[in-house]
Amino acid sequence: MKTATPAMARAINDRLALDLLLEQGPLTAPQLRELTGLSRPTVADLIERLRAAGLIEAAGEYGEDRRGPNAKLYAVVTDRAHVAGVDIRRTGIAVTVADLAGRTVGSAVRALPGPLPELIVQSVAEAAGGRPIEAVTLGAPGLVHPHTSGLTGDNGVPGWRPDLLEEVRRGLGVQVGLENEVNLAAIAEHRLGAAVGHADFVLLWLDDGVGGAVVLGGQLRRGRSGGAGEIGLLEMAGTSFCCAVEPAVARRLSRAELVERIAAGAFTVAAVLDPGLIVLGGMMGREGGAELAAEVEERVAARSFAPTEIRASTVEGNAVLQGAVLTALDLARDAVFGEPSMA
(Lines give C-alpha, C1' and ligand atoms only; values in the text may rest on other atoms or scores of the structure.)
Protein backbone atom coordinates (compact mmCIF):
# COMPACT_ATOMS: atom_id res chain seq x y z
CA MET A 1 0.00 0.00 0.00
CA LYS A 2 1.39 3.39 -1.01
CA THR A 3 1.67 6.18 1.52
CA ALA A 4 -0.23 9.28 0.43
CA THR A 5 2.00 12.15 -0.60
CA PRO A 6 1.17 15.65 0.67
CA ALA A 7 -0.26 16.51 -2.76
CA MET A 8 -2.43 13.40 -2.74
CA ALA A 9 -3.65 14.15 0.77
CA ARG A 10 -4.58 17.70 -0.24
CA ALA A 11 -6.49 16.40 -3.27
CA ILE A 12 -8.40 13.90 -1.11
CA ASN A 13 -9.28 16.58 1.45
CA ASP A 14 -10.31 19.08 -1.22
CA ARG A 15 -12.68 16.63 -2.91
CA LEU A 16 -14.14 15.57 0.45
CA ALA A 17 -14.87 19.20 1.35
CA LEU A 18 -16.37 19.99 -2.07
CA ASP A 19 -18.66 16.96 -1.93
CA LEU A 20 -19.84 17.96 1.56
CA LEU A 21 -20.51 21.51 0.44
CA LEU A 22 -22.60 20.20 -2.45
CA GLU A 23 -24.52 17.71 -0.31
CA GLN A 24 -25.17 19.84 2.76
CA GLY A 25 -25.22 23.39 1.43
CA PRO A 26 -23.12 26.33 2.64
CA LEU A 27 -20.92 25.39 5.63
CA THR A 28 -18.63 27.23 8.00
CA ALA A 29 -15.01 26.28 8.66
CA PRO A 30 -15.95 24.80 12.08
CA GLN A 31 -18.69 22.73 10.43
CA LEU A 32 -16.21 21.46 7.84
CA ARG A 33 -13.80 20.53 10.62
CA GLU A 34 -16.52 18.61 12.42
CA LEU A 35 -17.71 16.78 9.31
CA THR A 36 -14.26 15.92 7.95
CA GLY A 37 -12.34 15.37 11.18
CA LEU A 38 -9.55 17.58 9.82
CA SER A 39 -7.55 20.00 11.94
CA ARG A 40 -8.13 23.75 12.09
CA PRO A 41 -4.98 24.60 10.07
CA THR A 42 -5.76 21.95 7.45
CA VAL A 43 -9.31 23.26 6.92
CA ALA A 44 -8.06 26.87 6.83
CA ASP A 45 -5.51 25.97 4.13
CA LEU A 46 -8.14 23.97 2.25
CA ILE A 47 -10.57 26.88 2.17
CA GLU A 48 -7.94 29.31 0.93
CA ARG A 49 -6.81 26.85 -1.74
CA LEU A 50 -10.35 26.24 -3.02
CA ARG A 51 -11.16 29.96 -2.99
CA ALA A 52 -8.01 30.75 -4.95
CA ALA A 53 -8.96 28.09 -7.51
CA GLY A 54 -12.40 29.67 -7.93
CA LEU A 55 -14.18 26.53 -6.70
CA ILE A 56 -15.80 27.97 -3.56
CA GLU A 57 -16.91 31.43 -2.46
CA ALA A 58 -18.19 33.20 0.64
CA ALA A 59 -21.97 32.82 0.92
CA GLY A 60 -23.00 34.94 3.87
CA GLU A 61 -22.51 34.38 7.58
CA TYR A 62 -23.75 31.83 10.05
CA GLY A 63 -25.87 33.28 12.86
CA GLU A 64 -26.49 36.66 11.28
CA ASP A 65 -29.37 37.25 13.68
CA ARG A 66 -27.05 37.15 16.71
CA ARG A 67 -24.77 39.82 18.17
CA GLY A 68 -21.05 39.41 17.95
CA PRO A 69 -18.73 37.96 15.29
CA ASN A 70 -20.26 35.40 12.95
CA ALA A 71 -18.59 32.57 11.10
CA LYS A 72 -18.39 32.87 7.33
CA LEU A 73 -20.34 30.41 5.23
CA TYR A 74 -18.71 28.88 2.16
CA ALA A 75 -20.44 27.38 -0.89
CA VAL A 76 -19.39 25.76 -4.16
CA VAL A 77 -19.31 28.06 -7.18
CA THR A 78 -21.98 26.06 -8.95
CA ASP A 79 -21.95 28.01 -12.22
CA ARG A 80 -18.28 27.14 -12.79
CA ALA A 81 -19.51 24.44 -15.18
CA HIS A 82 -22.77 22.94 -16.42
CA VAL A 83 -23.98 19.59 -17.69
CA ALA A 84 -26.69 18.42 -20.07
CA GLY A 85 -28.91 15.36 -19.96
CA VAL A 86 -30.59 14.32 -23.21
CA ASP A 87 -33.55 11.94 -23.49
CA ILE A 88 -33.81 10.62 -27.05
CA ARG A 89 -37.12 8.94 -27.85
CA ARG A 90 -38.65 7.75 -31.12
CA THR A 91 -40.79 10.90 -31.29
CA GLY A 92 -38.48 13.61 -30.03
CA ILE A 93 -35.61 14.92 -27.92
CA ALA A 94 -35.76 16.51 -24.47
CA VAL A 95 -32.79 18.30 -22.87
CA THR A 96 -32.12 19.54 -19.35
CA VAL A 97 -29.08 21.66 -18.46
CA ALA A 98 -28.02 21.88 -14.81
CA ASP A 99 -25.28 23.56 -12.78
CA LEU A 100 -22.75 21.69 -10.64
CA ALA A 101 -25.27 21.44 -7.80
CA GLY A 102 -27.75 19.73 -10.12
CA ARG A 103 -30.12 22.70 -10.29
CA THR A 104 -31.92 23.01 -13.63
CA VAL A 105 -30.98 26.21 -15.47
CA GLY A 106 -32.36 25.50 -18.94
CA SER A 107 -34.33 23.06 -21.09
CA ALA A 108 -35.28 22.42 -24.69
CA VAL A 109 -37.32 20.01 -26.78
CA ARG A 110 -37.18 18.99 -30.45
CA ALA A 111 -39.56 16.83 -32.46
CA LEU A 112 -38.42 13.95 -34.66
CA PRO A 113 -37.84 13.00 -37.40
CA GLY A 114 -35.01 15.28 -38.43
CA PRO A 115 -31.20 15.36 -38.72
CA LEU A 116 -30.58 13.75 -35.33
CA PRO A 117 -26.96 14.75 -34.51
CA GLU A 118 -27.63 18.35 -35.51
CA LEU A 119 -30.89 18.47 -33.53
CA ILE A 120 -29.12 17.17 -30.39
CA VAL A 121 -26.34 19.75 -30.71
CA GLN A 122 -28.84 22.56 -31.35
CA SER A 123 -31.12 21.60 -28.45
CA VAL A 124 -28.22 21.36 -25.99
CA ALA A 125 -26.95 24.77 -27.11
CA GLU A 126 -30.44 26.25 -26.76
CA ALA A 127 -30.90 24.83 -23.26
CA ALA A 128 -27.42 25.96 -22.19
CA GLY A 129 -28.11 29.56 -23.24
CA GLY A 130 -24.42 30.37 -23.60
CA ARG A 131 -23.38 28.68 -20.33
CA PRO A 132 -20.22 26.54 -20.43
CA ILE A 133 -20.99 22.81 -20.77
CA GLU A 134 -18.57 20.32 -19.24
CA ALA A 135 -20.29 16.98 -19.91
CA VAL A 136 -23.33 15.56 -21.70
CA THR A 137 -25.09 12.22 -21.27
CA LEU A 138 -27.45 10.88 -23.91
CA GLY A 139 -30.14 8.36 -23.03
CA ALA A 140 -31.66 6.25 -25.81
CA PRO A 141 -33.46 2.94 -26.35
CA GLY A 142 -31.39 -0.11 -27.24
CA LEU A 143 -28.39 -2.09 -26.06
CA VAL A 144 -25.40 0.17 -25.42
CA HIS A 145 -22.13 -1.74 -25.22
CA PRO A 146 -20.52 -0.94 -21.85
CA HIS A 147 -16.99 -0.71 -23.29
CA THR A 148 -17.43 0.79 -26.75
CA SER A 149 -20.61 2.85 -26.12
CA GLY A 150 -21.81 1.55 -29.48
CA LEU A 151 -25.44 0.69 -30.02
CA THR A 152 -26.29 -2.93 -30.86
CA GLY A 153 -29.00 -3.21 -33.51
CA ASP A 154 -31.75 -0.80 -34.50
CA ASN A 155 -33.36 1.19 -31.69
CA GLY A 156 -36.16 2.60 -33.84
CA VAL A 157 -35.13 6.25 -33.36
CA PRO A 158 -35.52 8.12 -36.69
CA GLY A 159 -32.18 9.34 -38.00
CA TRP A 160 -29.99 7.26 -35.69
CA ARG A 161 -26.52 6.69 -37.16
CA PRO A 162 -23.58 4.50 -36.10
CA ASP A 163 -21.41 7.62 -35.82
CA LEU A 164 -23.99 9.68 -33.91
CA LEU A 165 -21.97 9.83 -30.69
CA GLU A 166 -18.86 11.00 -32.51
CA GLU A 167 -20.86 13.61 -34.43
CA VAL A 168 -22.40 15.01 -31.24
CA ARG A 169 -19.01 15.13 -29.55
CA ARG A 170 -17.58 16.98 -32.52
CA GLY A 171 -20.50 19.40 -32.60
CA LEU A 172 -20.40 20.23 -28.88
CA GLY A 173 -16.67 19.94 -28.27
CA VAL A 174 -17.14 18.32 -24.83
CA GLN A 175 -17.22 14.83 -23.35
CA VAL A 176 -20.43 13.05 -24.36
CA GLY A 177 -21.59 9.64 -23.14
CA LEU A 178 -24.38 7.31 -24.28
CA GLU A 179 -26.44 5.07 -21.98
CA ASN A 180 -29.57 2.95 -22.27
CA GLU A 181 -32.53 5.05 -21.17
CA VAL A 182 -33.87 2.52 -18.64
CA ASN A 183 -30.44 2.28 -17.02
CA LEU A 184 -30.50 6.05 -16.58
CA ALA A 185 -33.98 5.88 -15.03
CA ALA A 186 -32.62 3.30 -12.57
CA ILE A 187 -29.79 5.66 -11.59
CA ALA A 188 -32.38 8.34 -10.82
CA GLU A 189 -34.49 5.85 -8.87
CA HIS A 190 -31.45 4.75 -6.86
CA ARG A 191 -30.36 8.27 -5.89
CA LEU A 192 -33.65 10.15 -5.76
CA GLY A 193 -36.56 7.72 -5.77
CA ALA A 194 -38.03 4.52 -4.40
CA ALA A 195 -34.69 2.66 -4.29
CA VAL A 196 -32.76 5.15 -2.13
CA GLY A 197 -30.81 3.20 0.48
CA HIS A 198 -31.10 -0.13 -1.39
CA ALA A 199 -27.90 -1.70 -2.71
CA ASP A 200 -29.89 -4.26 -4.73
CA PHE A 201 -32.99 -3.64 -6.82
CA VAL A 202 -34.44 -4.04 -10.31
CA LEU A 203 -36.34 -1.33 -12.16
CA LEU A 204 -39.15 -2.83 -14.25
CA TRP A 205 -39.84 -0.26 -16.99
CA LEU A 206 -43.46 -0.23 -18.20
CA ASP A 207 -43.80 2.40 -20.89
CA ASP A 208 -43.46 2.88 -24.64
CA GLY A 209 -40.97 0.05 -24.64
CA VAL A 210 -40.78 -2.50 -21.83
CA GLY A 211 -37.51 -3.44 -20.18
CA GLY A 212 -35.54 -3.42 -16.98
CA ALA A 213 -32.38 -2.28 -15.29
CA VAL A 214 -30.38 -4.16 -12.66
CA VAL A 215 -28.55 -2.62 -9.70
CA LEU A 216 -26.59 -5.03 -7.49
CA GLY A 217 -24.15 -4.10 -4.77
CA GLY A 218 -24.98 -0.45 -5.39
CA GLN A 219 -23.72 -0.64 -8.97
CA LEU A 220 -25.59 -0.60 -12.26
CA ARG A 221 -25.05 -3.95 -14.01
CA ARG A 222 -24.94 -3.67 -17.79
CA GLY A 223 -23.84 -7.22 -18.64
CA ARG A 224 -21.13 -8.26 -21.05
CA SER A 225 -22.69 -6.56 -24.07
CA GLY A 226 -25.16 -4.14 -22.48
CA GLY A 227 -28.09 -6.56 -22.47
CA ALA A 228 -28.63 -6.96 -18.72
CA GLY A 229 -32.23 -6.25 -17.73
CA GLU A 230 -33.82 -6.82 -21.16
CA ILE A 231 -36.83 -8.50 -19.56
CA GLY A 232 -39.07 -7.40 -22.41
CA LEU A 233 -37.64 -10.24 -24.53
CA LEU A 234 -38.83 -12.99 -22.15
CA GLU A 235 -41.31 -15.49 -23.58
CA MET A 236 -44.73 -15.37 -21.94
CA ALA A 237 -47.78 -17.38 -23.02
CA GLY A 238 -46.70 -17.52 -26.64
CA THR A 239 -45.55 -13.92 -26.87
CA SER A 240 -42.89 -11.66 -25.35
CA PHE A 241 -43.28 -9.87 -22.03
CA CYS A 242 -42.94 -6.60 -23.95
CA CYS A 243 -45.88 -7.43 -26.22
CA ALA A 244 -47.91 -8.75 -23.28
CA VAL A 245 -47.84 -5.52 -21.24
CA GLU A 246 -47.06 -2.69 -23.64
CA PRO A 247 -49.42 0.28 -23.19
CA ALA A 248 -51.52 -0.41 -26.29
CA VAL A 249 -52.20 -3.95 -25.04
CA ALA A 250 -52.52 -2.99 -21.36
CA ARG A 251 -55.40 -0.63 -22.12
CA ARG A 252 -57.46 -3.55 -23.42
CA LEU A 253 -56.84 -5.83 -20.43
CA SER A 254 -58.86 -6.18 -17.26
CA ARG A 255 -57.15 -4.96 -14.11
CA ALA A 256 -56.68 -8.52 -12.86
CA GLU A 257 -55.14 -9.70 -16.12
CA LEU A 258 -52.72 -6.77 -16.30
CA VAL A 259 -51.62 -7.35 -12.70
CA GLU A 260 -51.12 -11.04 -13.45
CA ARG A 261 -48.94 -10.32 -16.48
CA ILE A 262 -46.77 -7.76 -14.68
CA ALA A 263 -46.45 -10.13 -11.73
CA ALA A 264 -45.30 -12.94 -14.04
CA GLY A 265 -42.44 -10.77 -15.29
CA ALA A 266 -41.59 -9.55 -11.79
CA PHE A 267 -41.56 -13.12 -10.48
CA THR A 268 -39.01 -14.12 -13.14
CA VAL A 269 -36.77 -11.29 -11.97
CA ALA A 270 -37.20 -12.30 -8.32
CA ALA A 271 -36.52 -15.97 -9.06
CA VAL A 272 -33.33 -15.30 -11.00
CA LEU A 273 -31.80 -12.32 -9.16
CA ASP A 274 -33.49 -12.20 -5.73
CA PRO A 275 -33.00 -8.41 -5.54
CA GLY A 276 -35.38 -7.92 -2.62
CA LEU A 277 -36.89 -4.85 -4.30
CA ILE A 278 -38.51 -4.33 -7.68
CA VAL A 279 -39.56 -0.82 -8.68
CA LEU A 280 -42.34 -0.36 -11.23
CA GLY A 281 -41.32 2.57 -13.40
CA GLY A 282 -42.34 4.19 -16.64
CA MET A 283 -45.79 5.57 -17.36
CA MET A 284 -47.70 2.51 -16.09
CA GLY A 285 -45.62 2.15 -12.97
CA ARG A 286 -46.06 5.78 -11.97
CA GLU A 287 -49.75 5.92 -12.81
CA GLY A 288 -50.48 2.60 -11.10
CA GLY A 289 -48.80 3.88 -7.96
CA ALA A 290 -48.82 2.11 -4.62
CA GLU A 291 -52.06 0.28 -5.41
CA LEU A 292 -50.68 -1.48 -8.48
CA ALA A 293 -47.41 -2.21 -6.69
CA ALA A 294 -49.25 -3.84 -3.78
CA GLU A 295 -51.31 -6.04 -6.10
CA VAL A 296 -48.22 -7.16 -8.01
CA GLU A 297 -46.36 -7.82 -4.75
CA GLU A 298 -49.19 -10.06 -3.55
CA ARG A 299 -49.09 -12.12 -6.76
CA VAL A 300 -45.30 -12.42 -6.68
CA ALA A 301 -45.35 -13.48 -3.02
CA ALA A 302 -47.74 -16.31 -3.88
CA ARG A 303 -45.14 -17.71 -6.31
CA SER A 304 -41.75 -16.88 -4.85
CA PHE A 305 -39.86 -18.14 -1.81
CA ALA A 306 -37.67 -15.02 -1.94
CA PRO A 307 -39.29 -12.05 -0.14
CA THR A 308 -39.66 -9.30 -2.74
CA GLU A 309 -40.97 -5.80 -2.09
CA ILE A 310 -42.65 -4.10 -5.03
CA ARG A 311 -42.74 -0.30 -5.08
CA ALA A 312 -43.94 2.30 -7.55
CA SER A 313 -41.44 4.81 -8.90
CA THR A 314 -41.25 8.02 -6.88
CA VAL A 315 -38.92 9.99 -9.17
CA GLU A 316 -40.67 13.21 -10.12
CA GLY A 317 -40.78 14.24 -13.76
CA ASN A 318 -38.69 12.57 -16.45
CA ALA A 319 -36.62 9.83 -14.77
CA VAL A 320 -34.49 9.27 -17.87
CA LEU A 321 -33.52 12.94 -18.04
CA GLN A 322 -32.78 13.03 -14.32
CA GLY A 323 -30.56 9.98 -14.59
CA ALA A 324 -28.77 11.51 -17.57
CA VAL A 325 -28.10 14.72 -15.62
CA LEU A 326 -26.83 12.76 -12.60
CA THR A 327 -24.49 10.74 -14.81
CA ALA A 328 -23.17 13.86 -16.52
CA LEU A 329 -22.68 15.51 -13.12
CA ASP A 330 -20.44 12.63 -12.01
CA LEU A 331 -18.23 13.26 -15.06
CA ALA A 332 -18.23 17.03 -14.66
CA ARG A 333 -17.44 17.02 -10.95
CA ASP A 334 -14.53 14.64 -11.52
CA ALA A 335 -13.22 16.93 -14.27
CA VAL A 336 -13.63 20.17 -12.28
CA PHE A 337 -12.91 18.93 -8.73
CA GLY A 338 -10.56 16.01 -9.44
CA GLU A 339 -11.41 12.32 -9.43
CA PRO A 340 -11.72 10.74 -5.96
CA SER A 341 -9.99 7.57 -7.13
CA MET A 342 -7.13 9.58 -8.60
CA ALA A 343 -6.79 11.37 -5.29
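These lines cover the structure that appears in this document, whether it is placed above or below.

How each quantity is defined
Residues numbered from 1 in each chain as written. Predicted model: local features only at pLDDT ≥ 70, side-chain atom pairs only at ≥ 80, totals over all residues. Heavy atoms only, no water. Pairing = 2+ DSSP bridges. Helix = DSSP H or I, 4+ residues; strand = E, 2+ residues; numbered from the N terminus. Axes fitted to C-alpha atoms, helices over the stretch in contact; angles between N-to-C directions. Contact = heavy atoms within 4.5 Å. Salt bridge = Lys/Arg side-chain N within 4 Å of Asp/Glu carboxyl O. Buried < 20%, exposed > 50% of the residue type's maximum accessible area, 1.4 Å probe, protein only. Expected span 1.5 Å × (residues − 1). Polar contact = N/O pair within 3.5 Å; in protein donor to acceptor, adjacent residues only side chain to side chain.

Concerning the sheet that holds strand β10 (residues 175–180)
Here is step 1 of the chain: With mixed pairing, five strands are arranged side by side in an open sheet as β6-β5-β4-β7-β10. Each end of this open sheet is capped by a strand with a single partner; those strands are β6 (104–111) and β10. Mean inter-strand twist for the sheet, computed between neighbouring axes without regard to direction, equals 15°.
Here is step 2 of the chain: Where strand β4 (residues 82–88) lies against strand β7 (residues 133–140), six bridges are found, and the strand directions are parallel. From the neighbouring strand, Val86 faces β7, where its bridge partner is Leu138.
Here is step 3 of the chain: Each of β4, β5 (92–99), β7 and β10 touches helix α11 (residues 319–337); the most contacted strand, β4, lies at about 150° to it.

Focus: the pattern of salt bridges
Here is step 1 of the chain: Counted according to the given criterion, the structure contains 15 salt bridges.
Here is step 2 of the chain: Among the salt bridges present, the one from Asp14 reaches Arg49, with a minimum N-O distance of 2.8 Å. Of this pair, Asp14 sits in helix α1 (residues 6–24) while Arg49 sits in helix α3 (residues 40–52), and the two are 35 residues apart along the sequence.
Here is step 3 of the chain: On the basis of relative accessible area, Asp14 is assigned to the buried category, the value being 12%.
Here is step 4 of the chain: Residue Arg15 is joined to Asp19 by a salt bridge in which the shortest nitrogen-to-oxygen separation is 3.0 Å. Of this pair, Arg15 and Asp19 both sit in helix α1, four residues apart, which is roughly one turn of the helix.

Remarks on α11
Structurally, the α-helix is built with 3.6 residues per turn, so residues lying three or four positions apart point the same way.
Here is step 1 of the chain: Under the 1.5 Å per step criterion, the end-to-end length of α11 is 26 Å for 19 residues, consistent within 8% with the ideal 27 Å.
Here is step 2 of the chain: Capping the start of α11, Asn318 holds a side-chain oxygen 3.0 Å from the backbone nitrogen of Val320, two or three residues further along.
Here is step 3 of the chain: Taken from the residues just after α11, Gly338 is the one with a positive phi, measuring 105°.

Some details on unusual backbone geometry
Here is step 1 of the chain: The residue after Leu112, namely Pro113, is reached through a cis peptide bond having omega 10°.
Here is step 2 of the chain: Relative to the helices and strands, Pro113 is located in the loop between β6 and α4 (116–128).
Here is step 3 of the chain: Although it is not a glycine, Ser149 sits at a positive phi angle of roughly 65°.
Here is step 4 of the chain: Among the structural elements, Ser149 can be located in the loop between β8 (143–144) and β9 (151–152).

A closer look at the pairing of β6
Here is step 1 of the chain: Note that β5 and β6 share seven bridges and pair antiparallel. Each bridged residue has a counterpart across the sheet, and for Val97 the counterpart in β6 is Gly106.
Here is step 2 of the chain: In this structure, the hairpin formed by β5 and β6 is closed by a connection of four residues, where Gly102 is found at a positive phi of approximately 90°.

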